[in-house]
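# Analysis of the macromolecular model
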Amino acid sequence: MQDQVDQAQAQQAQEQTAQPQAEQQKTEQPKQGDTEGGAQPSSGSSWEEKLAAAEAKAAEMQDAYLRAKADTENIRRRAQDDIAKAHKFAIENFAEALVPVKDSLEMALKLDTPSVESLKEGVEMTLKQLSTAFERNRLLEINPTPGEKLDPMKHQAISMVPAQQEANTIVNVLQKGYTIADRLLRPALVTVAQ
């Protein structure tokens, strides 16, 4: 009887080891058939293809991102350089316009025996050059006429004087004012009627 029990246990152990081997062979057989026959790609290879495609797409996107970032950095650097140059050379046009005025003044001083008439003519020509330089660079005079209404945005009243005109109107201009590109550079100094 002991022999029968030992045989039964041995047979049971054999069946248990044979069963997983049979299941393993069943799962391996379709894979081998698929790769050998080539009819359908196995699920493992399609995932590998998808992974490779996704990695290629990610690499392409990273390259595009790095290029865009470099372009943006270059544009920012160029803009900063342009701003720095604009600040540094902002008065270049105005300086070019003033150089002839300085030349004229130096020539007037070089004359040995200038006559009053020639000095007056030289000063008038130099003033004309200076006015042209101002106009070209949008530096405009504020020269109000007597009787004009006081504008606190353009005029600065120094004093109020009794006058035969309407109150808060300009009586006299003591000093011209200037605007540059529609911004007040210096207000005109005026006296105003009481």
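Scroll up a little and you will see the structure.
Residues numbered from 1 in each chain as written. Predicted model: local features only at pLDDT ≥ 70, side-chain atom pairs only at ≥ 80, totals over all residues. Heavy atoms only, no water.

### Details of the overall build of the protein chain
Put simply, the rule reads: Helix and strand assignments follow DSSP, with helices taken as H or I runs no shorter than four residues and strands as E runs no shorter than two, numbered in order from the N terminus. Accessible area is worked out with a 1.4 Å probe on protein chains only. A residue is then buried under 20% of its type maximum, exposed over 50%, and partly exposed in between. Contacts: residue pairs with any heavy atoms within 4.5 Å of one another. Accessible areas in this description were obtained via Shrake-Rupley with a 1.4 Å probe; residue shielding takes into account the shown protein chains only.
Helix and strand counts for the protein chain come out as four helices and six strands. N-terminal to C-terminal, the α/β element order of the protein chain is α-α-α-α-β-β-β-β-β-β. For the protein chain, the residues scored as buried account for 10% of the 194 residues in total. Put simply, of all contacts in the protein chain between residues at least 6 apart along the chain, 60% involve residues at least 24 apart. When the accessible surface of the protein chain is split by element, carbon and sulfur atoms take 55% of a total near 16,100 Å².

### With respect to the pattern of salt bridges
Stated formally: The term salt bridge refers to a side-chain nitrogen of Lys or Arg lying within 4 Å of a carboxyl oxygen of Asp or Glu.
Summed over the entire model, instances satisfying the criterion amount to five salt bridges. The shortest N-O distance in the salt bridge between Glu73 and Arg76 comes to 2.3 Å. With a gap of three residues between them, Glu73 and Arg76 both fall in helix 2 (residues 43-88), about one helical turn apart. With a shortest N-O distance of 3.3 Å, Lys176 and Glu141 are connected by a salt bridge. With Lys176 in the loop between strand 3 (170-175) and strand 4 (177-180) and Glu141 in strand 1 (residues 139-142), this residue pair connects regions lying 35 residues apart in the sequence. You can call Lys176 partly exposed: its relative accessible area is 32%. Among the charged side chains, a salt-bridge network with shared partners connects Glu73, Arg76 and Arg77.

### Observations regarding the sheet that holds strand 4
We count it as follows: Strand pairing follows a simple DSSP-based rule, namely that at least 2 bridges must link the two strands. All axes here are fitted lines through C-alpha atoms, helices being fitted over the stretch that makes contact, and every angle between N-to-C directions spans 0 to 180 degrees.
What the three strands build is an open sheet, ordered 1-4-5; its pairing is antiparallel. Two strands in the sheet have a free side with no partner beyond their single neighbour: strand 1 and strand 5 (183-186). Each strand of the sheet is rotated relative to its neighbour by a mean of 35°, with strand direction disregarded. In this sheet, strand 4 lies alongside strand 1 in antiparallel orientation, the contact comprising four bridges.

### A closer look at the nonpolar core
The following threshold applies: Here, nonpolar core means buried Ala, Val, Leu, Ile, Met, Phe, Trp, Tyr and Cys residues that are tied together by side-chain atoms lying within 4.5 Å of each other.
Residues Ile142, Ile170, Ala188, Val190 and Val192 constitute the largest nonpolar core, which totals five residues. The element contributing the most residues to this core is strand 6 (residues 188-193), with three residues. Once you skip the residues sitting within four places of it in the chain, Val192 turns out to touch Leu150, Ala157, Ser159, Met160, Val161, Asn168, Thr169 and Val171.

### Regarding the environment of Val190
Here Val190 shows up in strand 6. With a relative accessible area of 0%, Val190 lands in the buried category. Val190 sits 32 residues away from Ile158 along the chain, and the two C-alpha atoms are 5.9 Å apart. Dropping the residues within four chain positions of it, Val190 is found in contact with Pro144, Leu150, His155, Gln156, Ala157, Ile158, Ser159, Ile170, Asn172, Val173 and Leu174.

### As for the side chain of His155
Tracing the backbone through its elements, the reader meets His155 in strand 2 (residues 155-161). Residue classification places His155 among the buried positions, given a relative accessible area of 6%. Apart from the residues lying within four places of it in its own chain, the contact partners of His155 are Ile142, Pro144, Glu148, Lys149, Leu150, Ile170, Pro187, Ala188 and Val190.

### Concerning the environment of Asn143
Turning to its location among the elements, Asn143 is positioned in the loop between strand 1 and strand 2. Relative accessible area serves as the criterion here: at 42%, Asn143 is assigned to the partly exposed category. Not counting residues within four places of it along the chain, the set of residues in contact with Asn143 comprises Val173 and Lys176.

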